[in-house]
Amino acid sequence: MKINLIKIVFITIAIIIISGCSSKTVEEQEYNKPAVYWYNKMIKQISNYQYDSADETFLSLESEHRRSPLLPTAIMIIATAHMENEEYEMANYYYDEYLKRYSSKQNVDYVRYLKIKANFLAFKSQYRDQELLSKTLNDVSDFIGEYKNSKYIYLAKDIESRLLMAQATLDNEIAELYGRLEKTEAQKIYESKAKKSWMDINSIKKVEVPFYRYIFE
């Protein structure tokens, strides 16, 4: 009885292993499909929040159908999906790919605005993300200078205002630190920088930081 039970267990394990290998083989052999097949599969994976799988499926679409008219739309869909999932670096990767390969005069401002938006949403802490803050401010400034008539100009200016307030708050915090250290020259420099970013520093409402984060800011 005990021997039969052991046999059953081993046979069951063997079946599971063989089934797993065979299904994996089928999965690995999935290639040479129509563009619409990969496109629909990617959409389904995104709807099921399977973003890594969607990236792989997009790669299959791109590899097998480099001239497919579905590719531009597919890039924008997967980029937007990553942004909504707060994966801003991946979103920007796809937006960059779109700009390099498919952008036109009609939509280049829209895609560049989306890149700015992704960086803005990625901005979590004015005290730790200073490089991102500076880069995004430069990108917004370039956008405003190049696309004065864009319908996204006011959205870009709103982001710019919020980032300038963050920059002013940061510079003011540094000025106060130098003041406590009695380094008056450095204090004046950063007070001046804060006013250049936002004249009325007192009008900026300070962001309330939880105590457990405050010590790391």
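Parameters and conventions
- Residues numbered from 1 in each chain as written.
- Predicted model: local features only at pLDDT ≥ 70, side-chain atom pairs only at ≥ 80, totals over all residues.
- Heavy atoms only, no water.
- Helix = DSSP H or I, 4+ residues; strand = E, 2+ residues; numbered from the N terminus.
- Buried < 20%, exposed > 50% of the residue type's maximum accessible area, 1.4 Å probe, protein only.
- Contact = heavy atoms within 4.5 Å.
- Areas by Shrake-Rupley, 256 points an atom, 1.4 Å probe, with all protein chains shown as cover.
- Expected span 1.5 Å × (residues − 1).
- Core = buried A, V, L, I, M, F, W, Y, C linked by side-chain atoms within 4.5 Å.
- Phe/Tyr/Trp six-rings, centres within 6.5 Å; stacked < 30°, edge-to-face > 60°.
- Lys NZ or Arg CZ within 6 Å of the ring centre and 35° of its normal.

### Re the overall build of the protein
Check the secondary structure of the protein and you find 10 helices and zero strands. The order of α-helices and β-strands along the protein, N terminus first, is α-α-α-α-α-α-α-α-α-α. Within the protein, buried positions represent 32% of all 217 residues. Once local pairs closer than 6 in sequence are excluded, the contacts in the protein between residues at least 24 apart make up 56%. Looking at the protein as shown, the accessible area adds up to about 15,000 Å², and 55% of this sits on carbon and sulfur atoms.

### A look at helix α4 (residues 71-84)
Between its first and last C-alpha, α4 extends 20 Å over 14 residues, near the 20 Å set by a 1.5 Å rise per residue. With respect to burial, α4 is a largely interior element, 10 of its 14 residues being buried. Listed in full, the buried residues belonging to α4 are Leu71, Pro72, Ala74, Ile75, Met76, Ile78, Ala79, Ala81, His82 and Met83. Considering only its buried residues, α4 is in contact with α2 (35-47), α3 (51-64), α5 (88-101) and α6 (108-122). The first or second residue beyond α4 is glutamate 86, which carries a positive phi of 65°.

### Focus on the nonpolar core
Judged by nonpolar contacts, the single largest core of 41 residues is most densely connected at Phe58, Tyr95 and Phe143. Looking at this core, the elements with two or more residues in it are α2, α3, α4, α5, α6, α7 (130-146) and α8 (153-180). In terms of residues, this core owes the most to one element, α4, which gives eight residues. Ignoring anything within four residues of it in the chain, the contact list for tyrosine 95 reads Met76, Ala79, Thr80, Met83, Val111, Leu114 and Lys115.

### Observations concerning the packing of aromatic side chains
Counted according to the given criterion, the structure contains nine aromatic pairs. An angle of 65° between the planes, with centres 6.4 Å apart, marks the rings of tyrosine 49 and tyrosine 51 as edge-to-face. Judged by its relative accessible area of 12%, tyrosine 51 is buried. Relative to tyrosine 152, the ring of tyrosine 110 has its centre 5.2 Å away and its plane inclined at 35°; by these criteria the two rings are tilted. Placement of the pair is tyrosine 110 in helix α6 and tyrosine 152 in the loop between α7 and α8, with a sequence separation of 42 residues. With a relative accessible area of 33%, tyrosine 110 lands in the partly exposed category. What makes tyrosine 152 buried here is its relative accessible area of 16%. Members of the aromatic cluster, connected to one another through ring pairs, are Phe58, Tyr93 and Tyr94. The ring of tyrosine 37 carries the charged tip of lysine 33 above its face, separated from the ring centre by 5.3 Å.

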